[in-house]
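These are the residues of each chain, in order.
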Amino acid sequence: DTGVSQNPRHKITKRGQNVTFRCDPISEHNRLYWYRQTLGQGPEFLTYFQNEAQLEKSRLLSDRFSAERPKGSFSTLEIQRTEQGDSAMYLCASSHHLGPKNIQYFGAGTRLSVL
Amino acid sequence: SQQGEEDPQALSIQEGENATMNCSYKTSINNLQWYRQNSGRGLVHLILIRSNEREKHSGRLRVTLDTSKKSSSLLITASRAADTASYFCAGNNDMRFGAGTRLTVKP
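Residues numbered from 1 in each chain as written. Chains lettered and ligands numbered in written order. Predicted model: local features only at pLDDT ≥ 70, side-chain atom pairs only at ≥ 80, totals over all residues. Heavy atoms only, no water.

*Asks:* Would you mind going over the overall build of chain B with me for this structure?
*Replies:* Across its full length, chain B holds 0 helices and 10 strands. The C-alpha radius of gyration computed for chain B amounts to 13 Å, which stays within 12% of the reference 13 Å derived for 107 residues, consistent with globular compactness. Viewed in the frame of its principal axes, chain B has a C-alpha envelope of about 40 × 25 × 20 Å. Burial statistics for chain B: of 107 residues in total, 44% are counted as buried. For chain B, restricting intrachain contacts to residue pairs at least 6 apart in sequence, the fraction spanning at least 24 positions comes to 54%. Counting only carbon and sulfur atoms, one obtains 44% of the accessible surface of chain B, whose full area is about 5000 Å². One way to put it: in chain B the 14 positive side-chain charges average out to a point 4 Å from where the 10 negative ones average out. (Helix = DSSP H or I, 4+ residues; strand = E, 2+ residues; numbered from the N terminus. Rg over C-alpha atoms; globule rule 2.2 N^0.38 Å. Buried < 20%, exposed > 50% of the residue type's maximum accessible area, 1.4 Å probe, protein only. Contact = heavy atoms within 4.5 Å. Areas by Shrake-Rupley, 256 points an atom, 1.4 Å probe, with all protein chains shown as cover. Lys, Arg positive; Asp, Glu negative; His and termini not counted. Charge placed at Lys NZ, Arg CZ, Asp CG, Glu CD.)

*Asks:* In this structure, what is going on with the interface of chain B and chain A? I would like to understand it.
*Replies:* As a measure of interface size, the accessible area lost when the parts come together is often cited. Every contact between the two is made by 20 residues of chain B and, on the other side, 21 residues of chain A. Together, the buried faces of chain B and chain A total about 1500 Å²; carbon and sulfur atoms form 53% of this surface. On the surface where chain B and chain A come into contact, there are 1 salt bridge. The salt bridge partner of Arg96 of chain B is Glu56 of chain A, with a shortest N-O separation of 3.0 Å. (Buried area = accessible area lost by both parts, 1.4 Å probe. Salt bridge = Lys/Arg side-chain N within 4 Å of Asp/Glu carboxyl O.)

*Asks:* In this structure, what is going on with the state of the cysteines? I would like to understand it.
*Replies:* Covalent bonding between the sulfur atoms of two cysteines is what defines a disulfide. According to the stated counting rule, one finds 2 disulfides over all chains in the structure shown. The disulfide bridge from Cys23 of chain A ends at Cys92 of chain A, spanning 1.8 Å between sulfur atoms. The chirality of the disulfide connecting Cys23 of chain A with Cys92 of chain A is left-handed, given an S-S dihedral of about -70 degrees. With Cys23 of chain A in strand β3 (residues 19-24) and Cys92 of chain A in strand β9 (residues 88-95), this residue pair connects regions lying 69 residues apart in the sequence. Each member of the pair Cys23 of chain A and Cys92 of chain A is classed as buried. Each disulfide pairs two cysteine sulfurs, and for Cys23 of chain B the partner residue is Cys89 of chain B, the sulfurs being separated by 1.9 Å. Sign of the S-S torsion, about 75 degrees for the bond between Cys23 of chain B and Cys89 of chain B, identifies this disulfide as right-handed. (Disulfide = S-S within 2.5 Å.)

*Asks:* Would you mind showing me how to read the environment of Ser5 of chain A here?
*Replies:* Residues and elements named next belong to chain A. Mapped onto the fold, Ser5 is located in strand β1 (residues 5-7). Looking at Ser5, the relative accessible area reads 31%, which means it is partly exposed. C-alpha separation for the pair Ser5 and Cys23, spaced 18 residues apart in sequence, amounts to 5.8 Å. Setting aside residues no more than four positions away along its own chain, Ser5 makes contact with Arg22, Cys23 and Asp24. Separated by 3.4 Å, the side chains of Ser5 and Asn7 make a polar contact. (Polar contact = N/O pair within 3.5 Å; in protein donor to acceptor, adjacent residues only side chain to side chain.)

*Asks:* I'm lost on the nonpolar core in this one. Help?
*Replies:* Generally speaking, a soluble globular protein has its nonpolar side chains buried in company with each other. Met21, Leu32, Trp34, Leu74, Ile76, Tyr87 and Leu103 of chain B are the most contacted members of the largest nonpolar core, which totals 20 residues. Mapped onto this core, the elements with two or more residues apiece are β3 (19-24), β4 (31-37), β5 (43-50), β7 (61-66), β8 (71-76), β9 (85-91) and β10 (101-106) of chain B. If you look at the next biggest cluster of nonpolar residues, it comprises 19 residues, including Val19, Leu61, Leu112 and Val114 of chain A. (Core = buried A, V, L, I, M, F, W, Y, C linked by side-chain atoms within 4.5 Å.)

*Asks:* Looking at this structure, how should I read the side chain of Gln50 of chain A?
*Replies:* Residue and element names in this part refer to chain A. Mapped onto the fold, Gln50 is located in strand β5 (residues 44-50). Polar side-chain contacts of Gln50 include one of 2.7 Å to the side chain of Arg31. In this structure Gln50 touches Asn30, Arg31, Leu55, Arg69 and His97, once residues within four positions along its chain are discounted.

*Asks:* I'm lost on the sheet that holds β8 of chain B in this one. Help?
*Replies:* In a beta sheet, neighbouring strands pair by backbone hydrogen bonds and run either parallel or antiparallel. Residue and element names in this part refer to chain B. Sheet architecture is open: 5 strands sit in the order β1-β3-β8-β7-β6, paired in antiparallel fashion. Both outer strands of the open sheet, β1 (5-7) and β6 (55-58), are each paired with one neighbouring strand and no more. Taking the axes of each pair of neighbouring strands and ignoring which way they run, one obtains an average angle of 20 degrees across the sheet. (Pairing = 2+ DSSP bridges. Axes fitted to C-alpha atoms, helices over the stretch in contact; angles between N-to-C directions.)

Structure representation (structure tokens):
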């Protein structure tokens, strides 16, 4: 499977714990995006990388959230001191800056439940 | 803030009917994209229309774009139960999505 891969698919955690999600983009895609989606809503943009550089961060991305893409390949999204409001689906997408007009390819997402 | 705003929020039709959903956006775009999301899955790109195009077809999909009104529409003809999903639009410049249109096609 050469699509965007996200792990884990599901994560249940207790309030106050830290969680980390991983996204493996399509190989050779140099752009990587993180979104958060709650039930009945569209994906909310969180941040995006071009290669290893984090070029944009949404104001939604509080200090408890941090994303990295150390080698310009896979990315991690960490949430510290989780709160119940962090419960959502976290989606990752990738694209190539030379690809057809920024078409994004999405992973299946990581569903986070904070108890 | 969200860039794309889809309308209606929900649409329920019978198999074989056509489904039309609309999208309004706020800032200038180079192209507008439509995506589909099946329940519990990621989004899948459907079709892209460039800012200098007014209409585009792909199979049973027809997209129109009116840059003067900052709006687009997606028409799905001869709908099938498998078209049941949420549909989102986004301008390429910042890829912000609205709440989507939830389409239900009844067999």
